[in-house]
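# Structure assessment
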Amino acid sequence: MRKEASAILLGYLTNQMELVEDILKEIHVTKPSKRAETTHLAYLLHNLYCSVEDIFQEIAKTFENKGEDTAKYHRELLKRMNTDIPGIRPKLLSSESYHTLDELRGFRHIFRHAYDYELDQERVNSLKQKIIVKWDYIKKDMHSFMSFLQDTLRDSEDSVQM
């Protein structure tokens with residue numbers, strides 16, 4: 001991979017992770033006790049997944065030169081992030097992170113496409129709690145991948161200096 005592509009992706013991931021952390025902070029303080037608050041929390045959970053998925057899309061474009069839009073696009077993109085591609089890139093997500101994000105992906109789909117669906121306050125709050133508890137796994141995976149990019153940049157600098 002070219003040095004420039006690694007640097008651009010690393011910068012993008014750094015900025016996007018700041019956005020993700022801001023959304024997560026708001027999720028932490030949102031306590032759904034009424035329908036409007038439950039809807040707001042659902043919106044935040046939806047936005048959290050979408051912002052993480054944007055990271056996945058950039059990684060896929062950078063490393064795999066893929067960005068196709070198919071009926072199973074969201075599921076397949078998440079699966080690719082849980083796949084090590086030898087000689088190209090390590091997997092981004094551990095199994096723990098993958099399963100947590102897959103549940104959030106499923107929720108995002110329902111939230112986005114079920115217009116007559118009544119949000120269940122307990123289920124939305126349960127997903128919130130799961131995300132809060134499991135977020136450290138996801139964050140660790142993201143930082144590990146960012147370290148991989150930093151190593152790639154260092155390696156390309158070392159090879160230029162030799």
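Residues numbered from 1 in each chain as written. Predicted model: local features only at pLDDT ≥ 70, side-chain atom pairs only at ≥ 80, totals over all residues. Heavy atoms only, no water.

### Quick notes on the nonpolar core
With 41 residues, the main nonpolar core has Leu45, Leu48, Phe56, Ile59 and Leu101 as its most contacted residues. Elements that contribute at least two residues to this core include exactly α1 (3-29), α2 (35-64), α3 (73-81), α4 (95-113) and α5 (121-161). Tallying contributions element by element places α2 first for this core, with 12 residues. When residues no more than four places from it in sequence are discounted, the contact partners of isoleucine 59 are Leu9, Leu13, Glu64, Met81, Arg89, Leu92 and Phe145. (Core = buried A, V, L, I, M, F, W, Y, C linked by side-chain atoms within 4.5 Å. Buried < 20%, exposed > 50% of the residue type's maximum accessible area, 1.4 Å probe, protein only. Helix = DSSP H or I, 4+ residues; strand = E, 2+ residues; numbered from the N terminus. Contact = heavy atoms within 4.5 Å.)

### Remarks on the environment of glutamate 26
Note on placement: glutamate 26 falls in helix α1. Judged by relative accessible area, which is 35%, glutamate 26 ranks as partly exposed. Considered as a pair, glutamate 26 and leucine 41 are 15 residues apart in the sequence and their alpha carbons are 8.6 Å apart. Filtering out sequence-adjacent residues up to four positions away, glutamate 26 remains in contact with His40 and Leu44.

### Quick word on the packing of aromatic side chains
In total, this model carries 4 aromatic pairs according to the counting rule given. Look at phenylalanine 63 and phenylalanine 148: their rings are 6.0 Å apart centre to centre, the planes differ by 35°, and that puts the pair in the tilted class. Remark: phenylalanine 148 occurs in helix α5 and phenylalanine 63 occurs in helix α2; sequence separation between them is 85 residues. Arranged with centres 5.5 Å apart and planes meeting at 50°, the rings of phenylalanine 145 and phenylalanine 148 form a pair that is tilted. (Phe/Tyr/Trp six-rings, centres within 6.5 Å; stacked < 30°, edge-to-face > 60°.)

### Re the pattern of salt bridges
Following the criterion strictly, the structure yields 10 salt bridges and no others. Across the pair glutamate 21 and lysine 139 runs a salt bridge, and its minimum N-O distance is 4.0 Å. Of this pair, glutamate 21 sits in helix α1 while lysine 139 sits in helix α5, and the two are 118 residues apart along the sequence. Here lysine 134 ties to glutamate 96 by a salt bridge, and the two come within 2.3 Å at their closest N and O atoms. Taken as a pair, lysine 134 in helix α5 and glutamate 96 in helix α4 lie far apart in primary sequence, 38 residues in all. Judged by relative accessible area, lysine 134 falls into the partly exposed class, the value being 22%. Three or more residues joined by partner-sharing salt bridges are found here, namely Glu64, Arg80 and Arg89. (Salt bridge = Lys/Arg side-chain N within 4 Å of Asp/Glu carboxyl O.)

### Digging into the side chain of glutamate 53
The residue glutamate 53 is located in helix α2 in this model. One buried charge, glutamate 53, has no salt-bridge partner; the nearest side chain with opposite charge is arginine 108, at 4.6 Å. Excluding residues that lie within four positions of it along the chain, glutamate 53 makes contacts with His74 and Leu77. (Lys, Arg positive; Asp, Glu negative; His and termini not counted.)

### So, the side chain of histidine 46
Looking at the secondary structure, you find histidine 46 in helix α2. Ignoring anything within four residues of it in the chain, the contact list for histidine 46 reads Phe107, Arg108, Phe111 and Arg112.

Don't take any of this as a statement about function, it's just geometry.
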